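This is what each chain is made of:
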Amino acid sequence: MELLWVESPMSVRTVCERAGGGLAYTTIMTTLDRLHKKRLLRRHKDGNAFLYEPAMDRAEYQRRVVEAALTPLMEHGAAPVLAAFVEVAADLDEANLAQLERLIASHRRRR
C-alpha cells in the first residue's frame, strides 16, 4: 500500500522493483490480488498485466483499520480502550489531545 500511495498505478513487476527485490514475483502478485479482493486496491488490465492503485487514500485506510480494531474491543467496555487511546495519543504528541478535543466538539455540534 505504501508504494502505491506514493506512485500508482503500478504493475506487479514495478512493485517488485520498488520493493527492493527481496520478495518473489508470485508473492507480490498474490498479495496484490488479495488486497484487490478485499477492495483495498483497484486494478485494470494493461495488455497482459494488471495495473494496481489504491482504492482509498491513506487517511481512509487508517480510519478503517482503527475502526476494525477498536469496535470489537469497545463492545466489551469502552472506558479502558478510550483511556489507552488517549494515553497513546498524548505520549506521541501533546498536540493530539487538543486535536481530540476539537474532534469531540465537532462531533457533538453535528448531533
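The structure under discussion appears in the preceding block.
To keep things clear, this report deals only with the structure shown in the data block. (Residues numbered from 1 in each chain as written. Predicted model: local features only at pLDDT ≥ 70, side-chain atom pairs only at ≥ 80, totals over all residues. Heavy atoms only, no water.)

**A look at the overall build of the chain**
Point 1. Within the chain, the secondary structure is distributed over six helices and three strands.
Point 2. The order of α-helices and β-strands along the chain, N terminus first, is α-β-α-α-β-β-α-α-α.
Point 3. On C-alpha atoms alone, the chain measures out to a radius of gyration of 19 Å, which is more than a quarter above the 13 Å that the 2.2 N^0.38 rule sets for 111 residues.
Point 4. Dimensions of the chain along its principal axes, counting C-alpha atoms only, are 50 × 30 × 30 Å.
Point 5. Of all 111 residues assigned to the chain, the portion counted as buried reaches 19%.
Point 6. The contacts in the chain between residues at least 6 apart in sequence include a share of 33% that link residues at least 24 apart.
Point 7. For the chain, the computed accessible surface area is about 8400 Å², with 55% contributed by carbon and sulfur atoms.
Point 8. Across the chain, the mean location of the 17 positive side-chain charges is 8 Å away from that of the 15 negative side-chain charges. (Helix = DSSP H or I, 4+ residues; strand = E, 2+ residues; numbered from the N terminus. Rg over C-alpha atoms; globule rule 2.2 N^0.38 Å. Buried < 20%, exposed > 50% of the residue type's maximum accessible area, 1.4 Å probe, protein only. Contact = heavy atoms within 4.5 Å. Areas by Shrake-Rupley, 256 points an atom, 1.4 Å probe, with all protein chains shown as cover. Lys, Arg positive; Asp, Glu negative; His and termini not counted. Charge placed at Lys NZ, Arg CZ, Asp CG, Glu CD.)

**Considerations on helix α3 (residues 25–37)**
Point 1. The end-to-end C-alpha distance of α3, which contains 13 residues, comes to 18 Å, matching closely the 18 Å that a straight helix rising 1.5 Å per residue would cover.
Point 2. For α3, the set of buried residues is Ile28, Leu32, Asp33 and Leu35. Seen end-on, α3 carries its buried residues on one side only, within an arc spanning 160°. Summarising the geometry of α3, the exposed residues directed more than 90 degrees from the buried face are Arg34 and Lys37.
Point 3. Those residues of α3 that are buried lie in contact with α1 (2–6), α2 (12–18), β2 (41–46) and β3 (49–54).
Point 4. Of the residues flanking the end of α3, it is Arg39, one or two places downstream, whose phi is positive at about 65°. (Expected span 1.5 Å × (residues − 1). Arc of directions from axis to C-beta.)

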